[in-house]
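# Overview (structure and organization)
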Amino acid sequence: MTRGRNFLVIMMDELARDGVGCYGGTGITPNMDRLAARGVRFDNAYTPSPICVPARAAFQSGRYVHQNRCWSNAQPYHGEPEGWAHRLKAAGHETVSIGKLHYRSTEDDNGFSREIEPLHVTDGIGWIYGLLRRQDATCYDTSGFAQGATAGHDSYTDYDLEVRDESVNWLASEGAAKRDKPWAAFVSFLRPHYPLTCPREYLDLYDPDRLPPIRFDGAQSEFRHPVVQALRRYNDYDDHFADDRHRNLARACYFGLCSFADALVGDVLKALDDSGQADNTVVVVTSDHGDMNGHHGMWTKMVMYEDATGIPMILSGPGVAEGAACATQASLIDIHQTALDACGAAPSAEDHRLHGRSLLDLSSTPYDETRAVFSEFHDGGSITGITMLREGRWKLIHYAGFAPQLFDLEADPFERTDLGLSADHADIRAHLLARMTAEFQDPEEINRQCFADQAARIDELGGVAGIYARSNYDFTPVE
């Protein structure tokens, strides 16, 4: 453990690996590419949940969703269980957040000494309609997604520019001040999360007619799976496009927003350089989850395919190898241990019990084929609990009470061939399910606990009628 390093996390919202150039993606992202060239690119990093609020709660607490029980966008993080920011603040480090948090409220102790331009869930409650996943299969209007694919600025891009400015100012002033202990900062942008309104200069980087094609392979057979079919029906974004040209425009807007976000990252990294602290700061650039961007006939996230659960994760700074790639599975929960490691905070007994590992450790050791990572989804459209285990080349998706899916990501990286019912792969499925149960928790028990917690939350909100009496929306408004 090296003492005296600062720690900076820059998080985008809904940034898929395909949106980042150094991952071989379509996105034009020179700043993230340069960071990867002087650091380590994690090629198999995952979100603990392919939706905003649970993913961010896991990131903050260092615990998987079933452990912190922030199951959905209506069950936000509220400062408990304490995570990496609490641990560093208690040890005397300055901890600051700038931008989107998507927790319950600034009134909670989220672990930060200061929250600058925070964006939390709406009214401290969040998006509650997703709680009705057994009662309502079509409870929100997704048509605005396709309609929003256009050039211009909106409240999301304006917010991100403010976050960029506040981050640059903090690094130039308070962040650069002499301190007894290193600082930890969390900079969090909204983009490339929809609405797909993209500033013209970034949209013009992409020709909609020359984008790589959408991967529809296997879509029709996938939709015969009742859980996947329910997810597709609930998140029916694709039904609102006029034609393939319209779809390609939406994809160009998404990639343009990836480039917009990359420019903001570049501004923050330049401010870090200008402050004279880059050589003493461990930097992680990542995302809360990915984006389907039309593949498999789906958009946004909320499924377990690679485009939604796989995330970019780039590590750079003192003691980090340059221009390296790490194939070991990594997760947002690893940020907890990384923050403690970077800033020299001694881990507690509870820290040692967490599943996460320091990215500084992962990046400096040979490929660990035995490590597995876990993800889960329990929000709108999921008629049952969905859990995922990635071990080596194999990826098991467990649907509580339904048939599983199994993919060989080495032979089938685009998940065209579902081996969930293959007799030849029964032993592999049994092994992965046994490991999921032993190392994490029985997925059937996770499902039972989640539905019980969500039933109690529905009652607190006045039942189904009480939820219907409240406003609905497709993305968190910036107030």
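Here the structure is shown first, and the text comes after it.
Heads up: these notes are all about the structure in this document. (Residues numbered from 1 in each chain as written. Predicted model: local features only at pLDDT ≥ 70, side-chain atom pairs only at ≥ 80, totals over all residues. Heavy atoms only, no water.)

### Here's the deal with the overall build of the protein chain
Along the protein chain, the regular secondary structure elements total 17 helices and 17 strands. The C-alpha atoms of the protein chain give 21 Å as radius of gyration, which agrees with the globular expectation for 479 residues (23 Å, within 12%). For the protein chain, the spread of C-alpha atoms along the principal axes amounts to about 60 × 50 × 50 Å. Buried residues in the protein chain amount to 63% of all 479 residues. Here the contacts in the protein chain between residues at least 6 apart in sequence split such that 74% fall between residues at least 24 apart. Looking at the protein chain as shown, the accessible area adds up to about 17000 Å², and 47% of this sits on carbon and sulfur atoms. Across the protein chain, the centroid of the 44 positively charged side chains sits 2 Å from that of the 71 negatively charged ones. (Helix = DSSP H or I, 4+ residues; strand = E, 2+ residues; numbered from the N terminus. Rg over C-alpha atoms; globule rule 2.2 N^0.38 Å. Buried < 20%, exposed > 50% of the residue type's maximum accessible area, 1.4 Å probe, protein only. Contact = heavy atoms within 4.5 Å. Areas by Shrake-Rupley, 256 points an atom, 1.4 Å probe, with all protein chains shown as cover. Lys, Arg positive; Asp, Glu negative; His and termini not counted. Charge placed at Lys NZ, Arg CZ, Asp CG, Glu CD.)

### Considering the sheet that holds strand 13 (residues 330-331)
An order of 10-3-13 is seen for the 3 strands of this open sheet, with the pairing classed as mixed. With partners counted over all chains shown, the strands left at the sheet margins are strand 10 (310-311) and strand 13, one partner each. When strand 3 (residues 45-46) meets strand 13, the two strands line up parallel, connected through 2 bridges. Across the sheet, A45 pairs through a bridge with A330, a residue of strand 13. (Pairing = 2+ DSSP bridges.)

### Considering the state of the cysteines
Overall, the coordinates contain 0 disulfides when judged by the stated rule. With no disulfide of its own, C52 lies closest to C70 among cysteine sulfurs, the gap being 14 Å. Here C52 falls in the buried class, since its relative accessible area comes to 3%. There is no disulfide at C253, and the cysteine sulfur nearest it, in C198, is 5.7 Å away. Accessibility expressed as a relative area gives 0% for C253, which makes it buried. (Disulfide = S-S within 2.5 Å.)

### Quick look at the side chain of R435
Examined against the element boundaries, R435 turns out to sit in helix 15 (residues 426-440). On the basis of relative accessible area, R435 is assigned to the buried category, the value being 18%. Separated by 2.6 Å, the side chain of R435 and the backbone oxygen of T370 make a polar contact. Excluding anything up to four places from it in sequence, R435 contacts T370, R371, A372, L389, E391 and F440. (Polar contact = N/O pair within 3.5 Å; in protein donor to acceptor, adjacent residues only side chain to side chain.)

### What about unusual backbone geometry?
A cis geometry characterises the amide bond from E80 onward to P81, with omega recorded as -5 degrees. Examined against the element boundaries, P81 turns out to sit in the loop between helix 3 (65-68) and helix 4 (84-90). Cis rather than trans, the peptide bond between R191 and P192 has omega equal to 15 degrees. Counting through the fold element by element, P192 comes out in strand 7 (residues 184-192). Within the chain, R69 stands out as a residue other than glycine whose phi angle is a positive 60 degrees. If you check the backbone angles, E117 has positive phi at about 50 degrees while not being a glycine. Along the chain, E117 turns up in strand 5 (residues 114-119). The class for E117 is partly exposed, based on a relative accessible area of 31%.

### Description of the packing of aromatic side chains
Within the structure shown, the criterion is met by 23 aromatic pairs. The interplanar angle of 85 degrees and the centroid separation of 5.3 Å between the aromatic rings of Y64 and F440 together place this pair among those described as edge-to-face. Note that Y64 is positioned in the loop between helix 2 (52-61) and helix 3 and F440 in helix 15, a separation of 376 residues in sequence. This pair shows no difference in class: Y64 is buried, exactly as F440 is. An angle of 75 degrees between the planes, with centres 5.3 Å apart, marks the rings of F145 and Y194 as edge-to-face. Taken together, the residues span a long stretch of sequence, with F145 in helix 5 (residues 143-147) and Y194 in the loop between strand 7 and strand 8 (197-198) at a distance of 49 residues. (Phe/Tyr/Trp six-rings, centres within 6.5 Å; stacked < 30°, edge-to-face > 60°.)

### Considerations on the sheet that holds strand 12 (residues 324-326)
The strand order across the open sheet formed by 8 strands is 5-4-7-1-9-11-2-12, and the pairing between neighbours is mixed. Each end of this open sheet is capped by a strand with a single partner; those strands are strand 5 and strand 12. Along the sheet, successive strands turn relative to each other by an average axial angle of 15 degrees, direction set aside. Sheet topology places strand 4 (residues 95-100) next to strand 7; 5 bridges connect them, and they run parallel. Counterpart to T95 in the pairing with strand 7 is A184. Against the sheet, helix 2 engages strand 1 (6-13), strand 4 and strand 7, with an angle of about 170 degrees to strand 1. (Axes fitted to C-alpha atoms, helices over the stretch in contact; angles between N-to-C directions.)

### Things to note about the environment of Y468
Take Y468: it is sitting in helix 17 (residues 463-468). Ignoring sequence-local partners within four residues, the contact set of Y468 consists of Y129, L132 and D136.

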